[in-house]
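Residue-level structure breakdown
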Amino acid sequence: MEVLAEYLGFIYEVPIWASVGVAIVLAITLAYTGAPLWIWAIAGYIGLAGLEVPQWVYIAYSVFVVLFNVKPVRRTLLSAPIMKLLDVLNFLPTISETEQTAIDAGTVWVEGELFSGKPDFKRILNEPYPELTKEEQDFMDNQVETLCSMVNDWDVFVKKDFTEEAWDYMRKEGFFGLIIPKKFGGHEFSATAHSAIVAKLASRCGPLATTVMVPNSLGPAELLMHYGTDKQKEHYLPRLASGVEMPCFALTEPNAGSDAGGMLSNGVVFKGDDGKLYLKLNWNKRYITLAAISTVLGLAFKLKDPENLLGKGVDLGITCALVPSDAKGVVLGKRHDPLGVPFYNCPTRGHDVVVPVESIIGGPDGAGNGWRMLMESLAVGRGISLPAQSLGGAKMATRVIGAYAMIRKQFGLNIGKFEGIEEPMARIGGYTYLMEASRRYTTGGLDKGAKPAVVTAIAKYNFTELMREIINDSMDIVGGSGISRGPRNIFANGYISLPIAITVEGANILTRTLMIFGQGAIRCHPYALNEINALQEGDVKAFDENFWSHIGHVGRNKARSFMLSLTRGYLAGSPVTGPAAKYFRKLSWASASFAFFADIALGSYGGALKMKEKIAGRYADILSHMYLAAATLRRFEAEGRRKEDEVYFDWAMQYIFFRIQQGFEGILREIKVPGLSWAFRLAGLWSRLNPVGTYPSDKLGHKLAMAMQEVGEQRNRITEGTYIPTDPEQAVGRYENALNLITEAAPVYKKIYIAMKKREIPKAPVPELIDPALKKGFITEEEATMVRKAEDARNDAIQVDEFTLEEYLHETPETPVGDGLTSKEVAQTI
C-alpha cells in the first residue's frame, strides 16, 4: 500500500497535460494488445487519481466498472435491451435456410486468421505445402505425359472430339477415377495430385482438362463417396472409376443459374402398384458438361412428398438423385456451342421420368439434403478444377512468352528487350509464381480435411481473373501469331475459352461480391455469426459474450491499424528474417486495417450490407490478396528462400499489396458511415499518402522479364508440371528448340555483333553476316553452322499457319500450311 501511495503521490505532482498524454498512450497500448476489461478498469482508476477528480466521479466510474465487468449485471441492464433494439431495427443480417446451409457447409481455415486483424503467422507457416507422392508423380510422368502426347489441341478444335484411342486410354488408365478410393478401383489421389494432373492436361489442351476434371469434381462420384449408401457406392464407384459409366451432374437451369436455389426441376414421391416408393421427375437443365455422352445423370431437383410417404414432411427441398441416362423420358442428344470450344456441354430434359426412391443419393434418408451436399462439395471443388486449369495455362504462357521474347526480333533487337514488352511479361511471370503458391497452399489445406468455402471461392475467382490478364498479355506480345489460328498457335484457343472459366461454378461477379466477402464477413468473422445465431435464438448469455468481445475486437483492431499505419508495419513482428520479413509486417498492417474497416461496414450497413455489392467487392479484393500473400510467403519459405526466385517473389508480393491498397482506397472513398463519412475520406487521403503497397517498379519488372528468357533450372522449375513436347514440329516444341539453339549460339552472336560494331563487317541482319564473319575469321565453320541452325529455327518459329481456300473451308488440320509444303519447307523458301 505504501508503494501505491507513493506512486499515486507522484501522479498528483505531474502536470495535467502530462497525465492526459500518459493516459492516451496507455489507452492505445491497452487497445493494441487487446487487454481485458478489468485491466482497463484498473487503468481508469489510476488515470482518475492523476486528474484529481471529486469523489462523485469515482462513484460514477465504479458504477460504470460494475456495469461492464459483472456479467449478470451487464446481461440484464445492457445486453438484453441491446438485443431487443437490434431485433426491432432488423439490424443484423437475416440468414435464410439456404444461406445458413451454405455458411455451415464449409469450415474456417487460415482465412479466419487474416480476418481476425492479428494473424497467427506461425500457424500460417506451419500449414502444409505438399509434394506429390511417388505414386502420384509416376502417374504424372507416365500416364499424364502419354495422354498429352496423344492429343493435339488444334485437331480437337477442328474435329470437335478426341480420338477413340485417347478416350480408350482415359478409361483404361482411370482418368475418370482420380478421386475414387482404391477399394472401388480408383486412384484415390490427393487434391494436390488431382490439381497437378488437371494443370498439366490444361497446358496441352483445354477441352482435355475439362473432360477429365468434371467427373472428378462436383458430380456422382464426389457425392456418392461422401453421402451415398454402401449399395450405391459398391454399384457405381467401380463403374465410374473404370469409365464404364460416364457421369454428368445436372444443376443449372434457365431460371436458376447463380441462384441454384431457384430451380424449378421437381420430383414427387409416390407409391407404385407394386407397393414400392418411386420418384416422378421433371426437369429442364442446361450447360451440363458431358450430358450428351453420359450414362448416368446426377440430378438436383426440389422434392415433394404429398402423402408424406417418407415421413419427413410434404416439402422436402432440394434433393440429389442418380438417374440412368437411358431411362424413359430422359431427353439427351443435343449440345450447346460454348464459344466453339469442343467439350460436351449440353441441355437435358426429363418428362415424367420414374426411378426408385433408392435412387436418391444417400437413399430415402438423403431426401431434402441435396443443397447441403452441393455446398459441401463445391466448398472443396472450387479450389481444385478451375484454379488448376488456369494455372496450367499460366505456366505454359510463362514458358512460351519467355521463349518468344527471345526468338522474335524487331528493329534488330529481341523484343524481350523492349520495355513495352517487359511490362506484360513481368505480369505473366509474377502472376504464375503466386498462382502456383496458392494452388499448393490451398490443396494442402484440402488434403488435411479443411473445407474452406471462402478460400476456394478466392481461388476460383482470382485464378480465372489472373488467367484472363495473362492470356490478354500473351496475345498482345505475340501479336499476329496470336490471331492467326492453326496448329502453330498456342494462345488463340485459350483466349476464346477463357470466358467459360469466368462463368461456371459461380459466375465471377457473384463469387467476388457475395461469396468471398458476403459469406466471409459472417463465416470468417470471430463473432458475427455467433451474434446472429444468439439473436435469432434469443440467447442473451451467448449474445452478451460475443457482443462485448466484438466491441473489444473493434477497439483492438482500430488501435493496431492506427499504430501499424504510423510505423508502416514495423511495430508488428515477423516470424522469419530475410527478404520475407517486411512482407509479414505489411500483412499484419493490412489485416488489422481490414478487420477494423470490415466491422465499420457491418456496423454502418447492418443487414443491408449484403446488397452493397460494390463495397463488398472491394473488401473481397483485400481478403483475396491477403490470402494470396500468405500463400506466396509460405511458398518462398517452404522452398528455402531461393535467391534466384527473389525477383518473382518480390514482384508478386509488391503487386499483391498494391491491389490491397487499391481496395482500401475504394472503401475509404465510398463507404457511408452516419455522421463520420468525412473522417473516412480524410483517412483515405492519409492512405494515399502512406500506402500499404505500390505497383512493382520498372526495374523489378525488367529483372523478371529477363529471368523468363533464360534457359535453365529456374525456368524449368517455375513452369514445372507442364507438357513440353520435344518434337520441333509441334508448336511448343518449335519454340523450345529455337530458344535452346539461340541460347547455345549466344557467344557466337556476340562475336558477330562486336565485329559489326567495329565495322569489320557491314551492318545487316544476322543471316547475311554469317559468311562475311566466317570469311574474315571472326567465327569458325562450326560456329557458323551453329548460328545458321539457330536462325533457321528462329525463322521457323515465327511463321504462322496458312491454308488453301479448300483447306480453310473444310477446316482440315492435317496440312497446316499451303501449297502442300511442310512447315520446314515453307520456312526455307522465305
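Residues numbered from 1 in each chain as written. Predicted model: local features only at pLDDT ≥ 70, side-chain atom pairs only at ≥ 80, totals over all residues. Heavy atoms only, no water.

As for the overall build of the protein chain
Assigned secondary structure in the protein chain consists of 36 helices and nine strands. For 830 residues, the compact-globule estimate of 2.2 N^0.38 gives 28 Å, and the protein chain sits close to it at 32 Å. If one aligns the C-alpha atoms of the protein chain with their principal axes, the spans along those axes are about 105 × 90 × 45 Å. For the protein chain, with 830 residues in total, the buried portion stands at 55%. Looking at the protein chain alone, contacts between residues at least 24 apart form 75% of all its contacts between residues at least 6 apart. (Helix = DSSP H or I, 4+ residues; strand = E, 2+ residues; numbered from the N terminus. Rg over C-alpha atoms; globule rule 2.2 N^0.38 Å. Buried < 20%, exposed > 50% of the residue type's maximum accessible area, 1.4 Å probe, protein only. Contact = heavy atoms within 4.5 Å.)

Regarding the environment of Cys205
Along the chain, the position of Cys205 falls in the loop between helix H12 (191-204) and helix H13 (206-213). For the pair formed by Cys205 and Tyr723, sequence separation is 518 residues and the distance between their alpha carbons is 9.8 Å. Leaving out residues up to four positions away in the same chain, Cys205 has contacts with Val151, Asp153, Val156 and Phe162.

What to know about empty space enclosed by the protein
Applying the stated criterion to the full structure yields three cavities of 30 Å³ or more. The computed volume of the largest cavity comes to approximately 110 Å³. Together, 15 residues line the largest cavity, and Ser481, Arg488, Asn489, Ile490 and Tyr735 are the ones closest to its centre. In terms of residue count, helix H31 (residues 731-744) provides more of the lining of the largest cavity than any other element does, three residues in total. In terms of residue class, the lining of the largest cavity is made up of eight nonpolar, four polar and three charged. For the second largest cavity, the calculated volume is near 50 Å³. Together, Ala102, Ile103, Gly106, Thr107, Val108, Glu111, Ala453, Val454, Gln519, Arg523 and Cys524 line the second largest cavity. Breaking the lining of the second largest cavity down by element, the ones donating at least two residues are helix H6 (97-105), helix H19 (453-478) and helix H22 (508-523). (1 Å grid on protein atoms, 1.4 Å probe; cavity = no way out; pocket = protein on both sides within 12 Å on 5 of 7 lines; lining within 4 Å. Points joined across faces, edges and corners; volume = space filled by probe spheres on them. Nonpolar A, V, L, I, M, F, W, Y, C, P; charged D, E, K, R; others polar.)

A closer look at the packing of helix H18 (residues 419-447) against H19
Relative orientation of the contacting elements H18 and H19 amounts to 155 degrees, with a least axis distance of 10 Å. Viewed along their axes, H18 and H19 adopt a mutual orientation that is roughly antiparallel. For H18 against H19, the interelement crossing comes out left-handed. Residues of the contact of H18 with H19, tallied by class, amount to 13 nonpolar, five polar and four charged. (Axes fitted to C-alpha atoms, helices over the stretch in contact; angles between N-to-C directions. Parallel < 35°, antiparallel > 145°, perpendicular 65-115°, else oblique. Left-handed = near helix turned anticlockwise from the far one by under 90°.)

Regarding the side chain of Glu376
Mapped onto the elements, Glu376 comes out in helix H16 (residues 370-381). Glu376 has contacts with Ala105, Tyr227 and Lys451, leaving out every residue within four places of it along the chain.

A few points about the layout of surface pockets
Of the voids in this model, the second largest pocket is the one considered here, and its volume is about 1500 Å³. Looking at the second largest pocket, it is lined by 45 residues, and the ones nearest its centre are Lys409, Tyr749, Val766, Glu791 and Arg794. When residues of the lining of the second largest pocket are traced back to their parent elements, those giving at least two are helix H17 (385-407), strand S9 (413-414), H31, helix H32 (746-757), helix H33 (766-775), helix H34 (781-797) and helix H36 (823-829). Along the lines of polarity and charge, the residues of the lining of the second largest pocket split into 23 nonpolar, seven polar and 15 charged.

Section: the packing of aromatic side chains
In total, this model carries 33 aromatic pairs according to the counting rule given. With centroids separated by 6.3 Å and ring planes inclined at 10 degrees, the aromatic side chains of Phe115 and Phe517 adopt a geometry described as stacked. On the criterion of sequence distance, the pair formed by Phe115 in helix H7 (residues 111-116) and Phe517 in helix H22 is long-range, its members being 402 residues apart. The same class applies to Phe115 and to Phe517, which are both buried. Ring centres of Phe121 and Phe584 lie 5.0 Å apart, and the angle between their planes is 75 degrees; this geometry places the pair in the edge-to-face category. Here Phe121, found in helix H8 (residues 121-126), pairs with Phe584, found in helix H25 (residues 581-605); they are 463 residues apart in sequence, far enough to count as distant. Chaining the aromatic ring pairs together yields one cluster made of Tyr431, Trp651, Tyr655, Phe658 and Tyr695. Positioned above the aromatic ring of Tyr344 is the side chain of Arg335, whose terminal nitrogen or guanidinium carbon lies 4.1 Å from the ring centre. Sitting over the face of the ring of Phe657, Lys586 holds its NZ or CZ atom 5.9 Å from the ring centroid. (Phe/Tyr/Trp six-rings, centres within 6.5 Å; stacked < 30°, edge-to-face > 60°. Lys NZ or Arg CZ within 6 Å of the ring centre and 35° of its normal.)

Regarding the confidence of the model for the protein chain
When pLDDT is averaged along the protein chain, the result is 90; 91% of the residues meet or exceed 70. Averaged pLDDT values for the elements of the protein chain fall to 42 in H36 and rise to 98 in helix H9 (residues 134-150). Every residue in residues 1-12 is under pLDDT 50, and counting partners more than four places away or in other chains gives nine contacts. (pLDDT = per-residue confidence, 0-100.)

Here we look at H9
In this model H9 runs 24 Å from its N-terminal to its C-terminal C-alpha over 17 residues, within 8% of the 24 Å that 1.5 Å per residue would give. Regarding H9, the residues found buried are Glu136, Phe139, Met140, Val144, Leu147 and Cys148. Contact partners of the buried residues in H9: helix H11 (164-172), H12 and H13. (Expected span 1.5 Å × (residues − 1).)

Description of the packing of helix H24 (residues 540-566) against H25
Running from amino to carboxyl end, H24 crosses H25 at an angle of 135 degrees, the nearest separation of the two axes being 8 Å. Relative to H25, the element H24 lies oblique. You can see that H24 and H25 cross each other, and the crossing is left-handed. Counting all contacts with H24, which are made through His550, His553, Val554, Asn557, Lys558, Arg560, Ser561, Leu564 and Ser565, the residues of H25 involved are Ser588, Trp589, Ala592, Ser593, Ala595, Phe596 and Asp599.

Some details on the pairing of strand S4 (residues 296-304)
Burial of S4 is extensive: seven of the nine residues sit out of reach of the surface. Note that S4 and strand S5 (residues 315-324) share nine bridges and pair antiparallel. Looking across to S5, one finds that Leu303 is bridged to Gly317. (Pairing = 2+ DSSP bridges.)

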